[in-house]
Amino acid sequence: MIDPPIDKLIKLAPCRYALVVAITKRTKELLSVESGELEASSVKAVSLAAKEIYEGKVKISL
């Protein structure tokens with residue numbers, strides 16, 4: 001995963017575990033509900049979830 005950089009993503013979360021859980025939850029949501037969005041872009045679900053967290057579209061909560 002090159003974009004967004006992992007060192008900048010880690011700063012957005014209180015801990016690494018919270019970041020992994022947030023990316024996993026968002027990836028599962030993208031795969032189950034919003035398949036049209038994934039098909040429109042040739043980006044994998046994990047990369048799209050990480051990008052959304054980096055851009056602030058998805059908030060990390062504990």
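Since the structure is predicted, the reported quantities are computational estimates derived from the model, not experimental observations.

Rules behind the numbers
- Residues numbered from 1 in each chain as written.
- Predicted model: local features only at pLDDT ≥ 70, side-chain atom pairs only at ≥ 80, totals over all residues.
- Heavy atoms only, no water.
- Helix = DSSP H or I, 4+ residues; strand = E, 2+ residues; numbered from the N terminus.
- Expected span 1.5 Å × (residues − 1).
- Buried < 20%, exposed > 50% of the residue type's maximum accessible area, 1.4 Å probe, protein only.
- Arc of directions from axis to C-beta.
- Salt bridge = Lys/Arg side-chain N within 4 Å of Asp/Glu carboxyl O.
- Core = buried A, V, L, I, M, F, W, Y, C linked by side-chain atoms within 4.5 Å.
- 1 Å grid on protein atoms, 1.4 Å probe; cavity = no way out; pocket = protein on both sides within 12 Å on 5 of 7 lines; lining within 4 Å.
- Points joined across faces, edges and corners; volume = space filled by probe spheres on them.
- Nonpolar A, V, L, I, M, F, W, Y, C, P; charged D, E, K, R; others polar.

A. Structural context of helix α2 (residues 16-32). End to end, α2 covers 24 Å across 17 residues, agreeing with the expected 24 Å (1.5 Å per residue, within 8%). Turning to α2, its buried residues are Ala 18, Leu 19, Ala 22, Ile 23, Arg 26, Thr 27 and Leu 30. Considered in projection along α2, the buried side chains sweep an arc of 165° and stay on one side of the axis. Projecting away from the buried face of α2 at angles above 90 degrees are the exposed residues Tyr 17, Val 20, Lys 25, Lys 28, Leu 31 and Ser 32.

B. Structural context of the pattern of salt bridges. The final tally for this structure, using the stated rule, is 3 salt bridges. When the shortest N-O distance is used, the salt bridge between Glu 29 and Arg 26 registers 3.0 Å. Residue Glu 29 and its partner Arg 26 are both found in helix α2; the two are separated by 3 residues, about one turn of the helix. Overall, Glu 29 belongs to the partly exposed group, its relative accessible area being 43%. Across the pair Arg 26 and Glu 52 runs a salt bridge whose closest N-O atoms are separated by 2.5 Å. With Arg 26 in helix α2 and Glu 52 in helix α4 (residues 45-55), this pair connects stretches of sequence that are 26 residues apart. Overall, the relative accessible area of 11% leaves Arg 26 in the buried class. A network of salt bridges, in which partner residues are shared, links Arg 26, Glu 29 and Glu 52.

C. Fine view of the nonpolar core. With 12 residues, the main nonpolar core is built from Leu 9, Ala 13, Leu 19, Ala 22, Ile 23, Leu 30, Leu 38, Ala 45, Leu 48, Ala 49, Ala 50 and Ile 53. For this core, the elements supplying multiple residues, two or more each, are α2 and α4. For this core, the element with the highest residue contribution is α4, accounting for 5 residues.

D. The layout of surface pockets, seen in detail. Size it by volume and the largest pocket reaches roughly 200 Å³. Lining of the largest pocket is provided by Ala 18, Val 21, Ala 22, Lys 25, Arg 26, Glu 29, Val 58, Lys 59, Ile 60, Ser 61 and Leu 62. Taken together, the residues of the lining of the largest pocket sort by class into 6 nonpolar, 1 polar and 4 charged.

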